[in-house]
Structures are given as C-alpha cells and as structure tokens.
Amino acid sequence: MPPKLITLLTDFGLCDGYVGIMKGVILGIAPTVQLVDLAHEVRAQDVPGAALILRSAVPYFPPGSVHLAVVDPGVGSSRAPIAVATDRAYFVGPDNGLLAPAVAVLGGAHGVWRIDSVASPLGAVSQTFHGRDVFAPAAAQLAAGLAPEKIGAPLGSLQQLALPDPRRHTNGVDGEVIYVDRFGNLITNISAADLAAFASRPVSVSIGGVHDMAMVRAYSDAALHDPLAIINSWGLLEVAVREGNAAQLLKGDRGTSVIVSTVGP
Amino acid sequence: MPPKLITLLTDFGLCDGYVGIMKGVILGIAPTVQLVDLAHEVRAQDVPGAALILRSAVPYFPPGSVHLAVVDPGVGSSRAPIAVATDRAYFVGPDNGLLAPAVAVLGGAHGVWRIDSVASPLGAVSQTFHGRDVFAPAAAQLAAGLAPEKIGAPLGSLQQLALPDPRRHTNGVDGEVIYVDRFGNLITNISAADLAAFASRPVSVSIGGVHDMAMVRAYSDAALHDPLAIINSWGLLEVAVREGNAAQLLKGDRGTSVIVSTVGP
Amino acid sequence: MPPKLITLLTDFGLCDGYVGIMKGVILGIAPTVQLVDLAHEVRAQDVPGAALILRSAVPYFPPGSVHLAVVDPGVGSSRAPIAVATDRAYFVGPDNGLLAPAVAVLGGAHGVWRIDSVASPLGAVSQTFHGRDVFAPAAAQLAAGLAPEKIGAPLGSLQQLALPDPRRHTNGVDGEVIYVDRFGNLITNISAADLAAFASRPVSVSIGGVHDMAMVRAYSDAALHDPLAIINSWGLLEVAVREGNAAQLLKGDRGTSVIVSTVGP
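What you are looking at is a predicted structure, and each value in this text was computed from that prediction instead of being measured. (Residues numbered from 1 in each chain as written. Chains lettered and ligands numbered in written order. Predicted model: local features only at pLDDT ≥ 70, side-chain atom pairs only at ≥ 80, totals over all residues. Heavy atoms only, no water.)

### Digging into the overall build of chain A
Part 1: A tally of helices and strands in chain A yields six helices and 15 strands.
Part 2: Seen through its C-alpha atoms, chain A measures out along the principal axes to roughly 65 × 40 × 35 Å.
Part 3: The buried share of chain A, reckoned over its 265 residues, is 62%.
Part 4: For chain A, the share of sequence-separated contacts (at least 6 apart) that also reach a separation of at least 24 residues comes to 66%.
Part 5: Charge-centre separation for chain A: the mean point of 17 positive side chains lies 3 Å from the mean point of 22 negative side chains. (Helix = DSSP H or I, 4+ residues; strand = E, 2+ residues; numbered from the N terminus. Buried < 20%, exposed > 50% of the residue type's maximum accessible area, 1.4 Å probe, protein only. Contact = heavy atoms within 4.5 Å. Lys, Arg positive; Asp, Glu negative; His and termini not counted. Charge placed at Lys NZ, Arg CZ, Asp CG, Glu CD.)

Set out below in structure tokens:
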C-alpha cells in the first residue's frame, strides 16, 4: 500500500520554522506519511488567495490524500477547527471559507466535524498556533487511519467563501482579477465555460487602459513583452505579458476589471 | 521501525540549490531517511535568530531525530564542526552557539564530538560549504546508525549563545524583543514563568510609544488592527497587532525595550 | 532497494502552489518516490541561472536520480519537451539549454527523447503549465521504471547553453560574473583549472573599482567586511565580502568584468 499523503498550505512563510514544527508533530503520529508543501508564501492572512490555490491543486493529488490548510486570522476565536470528508480526500483547517472551494471542486462534503477530540502535542493547546496544536495532529490522525467521526462533533455545513461572480451578457463577459501569481500573471474569475458561449466568434479582452488584446493559445503566440489573454492551467482567463510581468506592466491587481467582448458584427 | 528523521535549518535560502545539494548528499548515505525543512530563509548569518527557531522546534520532533543546522559565518575558520547527543536527539552543526539553546531545552548534552572522521562527498572538503562536505555527511551517518563517538574526538563542551536576560523586579519585568517573525510579531525574552509572579495582579505592557497594552488570551480578543500582548506558541511574551504587522506599526525590532508593569495599588 | 529520487528545480516560487501540484502528479504515478527540491526561487525565466544551479547539484545525487527542471519561457511553443539519459541520471525538462551543462558534467547524453507518449493528468495538456501536464508525468514514469525510449521519439541532440568563456593569457585570466547567490557572492566563469597555470605565482583579483584583492583559502582569512576572492564550492572563482554582501558593496552583477593578474616580476 502506498504511504499516505498530507499536503500543507499555510501563510507561515519559510523563515520562522512554523511549518517545520507542524511536520514534526505529524511525523510523531504518522511516521511514514508523505508530506507535500503546496505553498507557504501565501500573503499573510490571505484566505481567498489560499482558497484558490487549494482549489487549483487538489484534483491533481491521489485519492486518500489529506489536505491540511492553515490561513487563520481568527485563531483562538470562535471559528471552528474542522475536518471535512469528500469522495477523494480529507481536509483539515479553520472553518473560515479556506476549504470550501476545494471541497466543492472534489464534489462536495460527505461530512464536516469540529475537531475537539484530538490530543495536542506536549499536552497543551496554545491560542496562537492551532496549526501545531490542533490541525497537524488531526491531519496526522486521519492519515494514520482514524475515522473522521472520531475527530469530534458533526457540524451541519462549512463556511462558504464569497468569490465575485463574472457577469455574462449577449456580447461578452465582465469579470475581474481574483489572483496574481509569482510571474505577475493576472488570473480572472472568467472561466473557459463562461467563454464557450462565444466560441464561434472572435473576442477581444480589455483591462485598464489596454484594449483589444487577442486570446492566444500559448504565451509564445504573442510577441515578446506584449500583453495577451489566455485560458490558463486553472481553466480561467488570464492576462499575461510574454516573458514579462503583467501586474507591473498593466498595473493590475485583485479587483481590477477585465472585460471580454465579441468583435465585429 | 519508522524511518529516521533529519531536520534541516540554514540561512541558505531557496534560490541557489545549496539546501538541495545537502539533501542529495544525505540521501546518498541514508536513502530512506525522512527530511524535514525547519527554515532556510533565516536572515543571512543570523546565528541568534536561527538558534531561537531551533529551540522552538525540537521539542515537537519524535525521539531519535537528527537536527542539522548550518548558519555558519565562520566556515573555514577554527570554529569546530560538532555533533551533540542529548536524551532525545542528535545535533549537527558549527560550534558557534547555534545549537546550544536547543540542546539545553532537550535537557543538555550527553556528549559533544568534533566532526573529523566522516568521509566527504566526492572526496574533497571545500572551505566555503561545510553544509555539503562536513555536516550533511555527519548527519546522514548518525541517521544511518553510526555511533556518535565514531564521528570524531570528544570535546569538553559546546559554545553557548549570549541571549539577553529579562530583569524581574517587584512591580514588573523589563525585557526586549529577541525575534521578529514573518507576520511582524515581536517576540520578547520575557517568558510565561517571568510573568507568573504577577499572576494575581493585572499587568500592562509598554513598547516604544505604545503604553498600557492589555495581555490577551487570543489575538481575536483585541480589536482589529489594535496592538496587543500575548503569551505565544514559544511560551514567550509577544507584542502583536491583530491582523496587522507589529514590527511595521510599532517600529519594533530586535533590541527594542518591552516593559511589563503591574497595574493599580 | 532504496526509493527512487526525483529532484525538482523551477522558477515557480513557493507562493502559488505550482510546485506542489507537480508533486501531486508525480506521487499519483510513483507513490514511494523521494522528492527533493533543488530550488524554486530562481529568477523568473532565468534559464542560464537555473542551468548553473542544476550543474552544481547533480554530482551530489545518488546514481539513478531523475532531475526534473522547468524554467520554460517558451512553454507552448515549438521547443521540445525532452528526456535525457546519462550514465548516472535521467533529466526531464524543456530543450532550451537548461539541461545541457548538467548533462555535460555527468559525462554527456546517451540518448535524448522528445516526450510525446506520456499520459497527462486528467487527460488534457494545458499550453501554459507543461510542468504539471508533461514534465511531471514523464519524470514519474522514469522513476517508476519506464524505459526512456518509451517516452517518445529519439532526438539527435539537445540544445546547448551559451555561457561566456574566460580568456586566459600569459599574465592572467579575464572573466566575468555569471551568477549571484543569496549572500550576494559574485560567482565568475573563471575555474580553479583556469588558475592552475599561475599556481606558482601570486595573483590579485580586480572587479569594478576594487583592485588587488588577494585570493584566500577561507572567508575567515579576510578581515571582517573586506572583499576577497576565493575558489568556491562550485570550483569557480568567487568574489565575496566576509560576513557581507559583495553584490551590494561592489555593485557587481552578472556580466561584471573580473580580472585575475599575476603579481610582481
């Protein structure tokens, strides 16, 4: 049987040891587990950004994976620490919207539990680091085979995340940038499905002062340093600059309006 | 038997491949070992910062772990490369104070050895990268079962690290910031034990121009963007800003004075 | 038999989840493989820098390793995705020069194949993320035991990388900075072999306005904060500042001229 796999996604960075400590706790409980870092340089306390990363990643992990995500501005407050079961995977994290888009992309939750029956390392729970004291032990226990209903009391549902919806109309779609990646690519909330209605007609894309960008199939179809629009690896419309940084060049950021319009008669 | 675990802590960053090379050397000697990164984005040559990270992490790792730490401004000088045995774990690194606080938190050293009998990869020792040529092979050999006394000649003791002590007095404690984490949290040298003497009396905390911060139990007990004082996950007094960056907002850094005073009669 | 080892080198950073997704794909195909990050904070689209990192690292990995490298400004263009076999290791990545120096340092290629017979995860190939859809599955298949000739059609050769050559003359060597590391160390294209001709004569090193730096054996042989020249862990001449940042202090960067001259009669 292959080793169990736990992914880790946090905003803890890699300068302080917080992620390493979580791994120590996990390996004390489940010594043969495979640990995979999804991302730890998420902007501090950026729940929506981390939720999109998690959603983009989980379909690519093998069945039975446990996804541990901690971006948790409300640590120590009344927000619940939860475990979620789906067809393919378990999720562990704070109930603040972080997990919801990824749970949905895997077909929705079979069960949600409040984590309240898991022993903490060294026998104490801090009020500032539930990643170490609550979430890591819970994820490790699930990977070690604990049934999720032993994790704690069932909850009716999990907190959803408010993401802006694109608006489709007869001659196009109005959307906005929802994520900016390391390369400065501007990822929008407009999906390939949103654009399918216009598949038979040429479209152009506008953002800020830049109009009439063509949709390309590959970055290399645009001229060097030219802006372009493309369906990216998340299945979403992305505004990029070939071998350049669109966020800097086009002064785009989350919330920047992006308009797709059909061209011609 | 679970796989042996080696943690890695360096100031090598993740842009140059230095950490990856150390892992290649380790896995050539101990192919089934579990490798866990503690932190690699430590400030360049910041021995005290790395020593505090190491101390905060080692209690959370399973017995038998090997902790490999390389922040080594004196590489190639007369500072000794050492291995240290404690009850729970081995340590490998330069003898410059980096290991001492973590060794102490695990109960002190049973033995200290100068690493001088370990074969280097490719048969040569550079004078600039002992992480690759000395420390990684030594850590891998210990994880593979080599007795530490085979590593080299015994040493009488290890280099201690000078950390500033807080000063307790009748009506409070004077301390200072000793670490700033990714979130801008200002971690002080004042411990929960230092504050226990005042447990029955309310205290307030001052830093820079900000006075009368209350101690809270959780970040969420403070108002949004307000400064607060809290016992953090290291068991130390921390000045933070709820969903904000205390280092920026309060212009605090290492060495900044922090004063705890009892309130009222 | 020890687990197979795959190294990963990208310019994807650690903020977006792209590296984690590649690992998910790999572990779905080869669940027991050891994954080692070489570097992911390479400058965006910096093929020469990444090629030098890869070359510096591969001699330190055990035989049978698979080296997966993706710095790929031409993703989606006609550049081929390739697999390369050498005596000691396999390589997988884009055919843009990235792999060539590392292949050469391991003794050259026994075979080069265009990756065109590997199933993509979720059955589709994006035009923006071949790391996930082409390279990760190919590397995992090789680690799982697939013969490289099953990967795709053989190619005659692989793309070479143009690196500047140093110029040796009677009284010295003229070279230039080819890499700047995290510490600001300025690594040149002048090798220990280039300097062997002058081994019996003292030499001095000049860069920018700084002349007559002595060659030292270890950083600690220079005075604190003084510039120095040294043969580094890559076997190349490096200009550094003891416990300082040479790139900042000497305003050096890639392309900066470095001159080694014999001293005296």
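Having put the structure on the table, let's press on.
### Digging into the sheet that holds strand β3 (residues 65-70) of chain A
Residue and element names in this part refer to chain A.
Part 1: Sheet architecture is open: seven strands sit in the order β2-β1-β3-β5-β4-β6-β7, paired in mixed fashion. Edge positions in the sheet fall to β2 (34-39) and β7 (154-155), since each of these pairs with one other strand and no more.
Part 2: Pairing geometry for β3 and strand β5 (residues 89-94), over four bridges, is parallel. Counterpart to Leu68 in the pairing with β5 is Val92.
Part 3: The strands that helix α1 (residues 18-29) touches are β1 (5-10), β2 and β3; relative to β1, the one it contacts most, it runs at about 155°.
Part 4: Strands β1, β3, β4 (81-85) and β5 of the sheet are contacted by helix α4 (residues 130-143), whose axis makes an angle of about 170° with β3. (Pairing = 2+ DSSP bridges. Axes fitted to C-alpha atoms, helices over the stretch in contact; angles between N-to-C directions.)

### Concerning the interface of chain B and chain A
Part 1: With 36 residues of chain B at the contact, the number on the chain A side is 35 residues.
Part 2: A per-residue breakdown of the area chain B buries against chain A is headed by Tyr60(B), Arg182(B) and Phe183(B), which together make up 28% of the total.
Part 3: Here chain B is connected to chain A by one salt bridge.
Part 4: Among the ionic pairs, Glu41(A) bridges to Arg182(B), the shortest N-O distance being 3.6 Å.
Part 5: Where chain B meets chain A, there are 18 residue pairs in polar contact (both at pLDDT 80 or more).
Part 6: For the side of chain B that touches chain A, the elements supplying multiple residues, two or more each, are β2 (34-39), α2 (47-57), β9 (172-180) and β13 (227-231) of chain B.
Part 7: Per-element tally for the side of chain B that touches chain A: the top contributor is β2(B), with five residues.
Part 8: Looking at the side of chain B that touches chain A residue by residue, the class counts come to 23 nonpolar, seven polar and six charged. (Buried area = accessible area lost by both parts, 1.4 Å probe. Salt bridge = Lys/Arg side-chain N within 4 Å of Asp/Glu carboxyl O. Polar contact = N/O pair within 3.5 Å; in protein donor to acceptor, adjacent residues only side chain to side chain. Nonpolar A, V, L, I, M, F, W, Y, C, P; charged D, E, K, R; others polar.)

### Overview of the environment of Tyr90(C)
Residues and elements named next belong to chain C.
Part 1: Mapped onto the elements, Tyr90 comes out in strand β5 (residues 90-94).
Part 2: Each C-alpha atom, one on Tyr90 and one on Gly64, is 7.2 Å from the other, the two residues being 26 residues apart in sequence.
Part 3: In this view, Tyr90 contacts Ser65, Val66, His67, Val84, Ala85, Leu142 and Pro148; residues no more than four positions away in its chain are not counted.

### Some points on the interface of chain B and chain C
Part 1: Every contact between the two is made by 35 residues of chain B and, on the other side, 36 residues of chain C.
Part 2: If you sort the residues of chain B by the area they bury against chain C, Asp16(B), Tyr18(B) and Thr128(B) come out on top, with a joint share of 19%.
Part 3: Counting every contact that joins chain B to chain C gives one salt bridge.
Part 4: On inspection of chain B and its partner chain C, the count reaches 19 residue pairs in polar contact (both at pLDDT 80 or more).

### Thoughts on the side chain of Arg132(A)
Part 1: Structurally, Arg132(A) is set in helix α4.
Part 2: Arg132(A) sits in the buried class, given a relative accessible area of 4%.
Part 3: A polar contact of 3.0 Å, which involves the side chain of Arg132(A), links it to the side chain of Tyr60(B).
Part 4: Those residues in contact with Arg132(A), other than ones at most four positions away along the chain, are Ile21(A), Met22(A), Val25(A), Pro121(A), Ser126(A), Pro137(A), Tyr60(B) and Ser233(B).

### Let's talk about the relation of the copies chain B and chain C
Both copies of the chain are related by a screw-like operation: a rotation about an axis and a shift along it.
Part 1: At an RMSD of 0.0 Å, chain B and chain C line up after a rotation of 120° and a shift of 0.0 Å along the axis. On this basis, the relationship between the two copies can be described by a three-fold rotation axis.
Part 2: Of the interface residues in chain B, just 11% have counterparts in chain C that sit at the interface too, so the contact is made through distinct surfaces. (Least-squares fit on C-alpha atoms with pLDDT ≥ 70 in both.)

### Let's talk about the confidence of the model for chain A
Part 1: The predicted model of chain A has a mean per-residue pLDDT of 94, with 99% of residues at 70 or higher.
Part 2: Model confidence for the complex is summarised by a pTM of 0.96, with the ipTM given as 0.95. (pLDDT = per-residue confidence, 0-100.)

### Side note on the packing of helix α1 (residues 18-29) of chain C against helix α4 (residues 130-143) of chain C
All names here are of chain C.
Part 1: Axis separation between α1 and α4 bottoms out at 9 Å; the angle between their running directions is 40°. Our classification of the angle between α1 and α4 gives oblique. Crossing hand, α1 versus α4: right-handed. Together, Ile21, Met22, Val25, Ile26 and Ile29 of α1 and Gly131, Arg132, Ala136, Pro137, Ala140 and Gln141 of α4 make up the contact between the two elements.
Part 2: For the contact of α1 with α4, the per-class residue count stands at eight nonpolar, two polar and one charged. (Parallel < 35°, antiparallel > 145°, perpendicular 65-115°, else oblique. Left-handed = near helix turned anticlockwise from the far one by under 90°.)

### Describing the side chain of Thr256(A)
Residues and elements named next belong to chain A.
Part 1: Checked against the element boundaries, Thr256 lands in the loop between α6 (246-249) and β15 (257-262).
Part 2: A polar atom in the side chain of Thr256 sits 2.8 Å from the backbone oxygen of Asp253.
Part 3: Excluding residues that lie within four positions of it along the chain, Thr256 makes contacts with Gly175, Glu176, Val177, Ile207 and Lys251.

### A few points about the sheet that holds β2(B)
Residues and elements named next belong to chain B.
Part 1: Here we have seven strands laid out as an open sheet, ordered β2-β1-β3-β5-β4-β6-β7, and mixed in their pairing. Unpaired on one side and paired on the other, β2 and β7 (154-155) mark the two borders of the sheet.
Part 2: Where strand β6 (residues 111-114) and β7 come together, two bridges link them in antiparallel fashion. Across the sheet, Trp113 pairs through a bridge with Pro154, a residue of β7.
Part 3: Sheet strands touched by α2: β1 (5-10), β2, β3 (65-70) and β5 (89-94). Its angle to β1, the strand with the most contacts, is close to 155°.
Part 4: The strands that helix α4 (residues 130-143) touches are β1, β3, β4 (81-85) and β5; relative to β3, the one it contacts most, it runs at about 170°.

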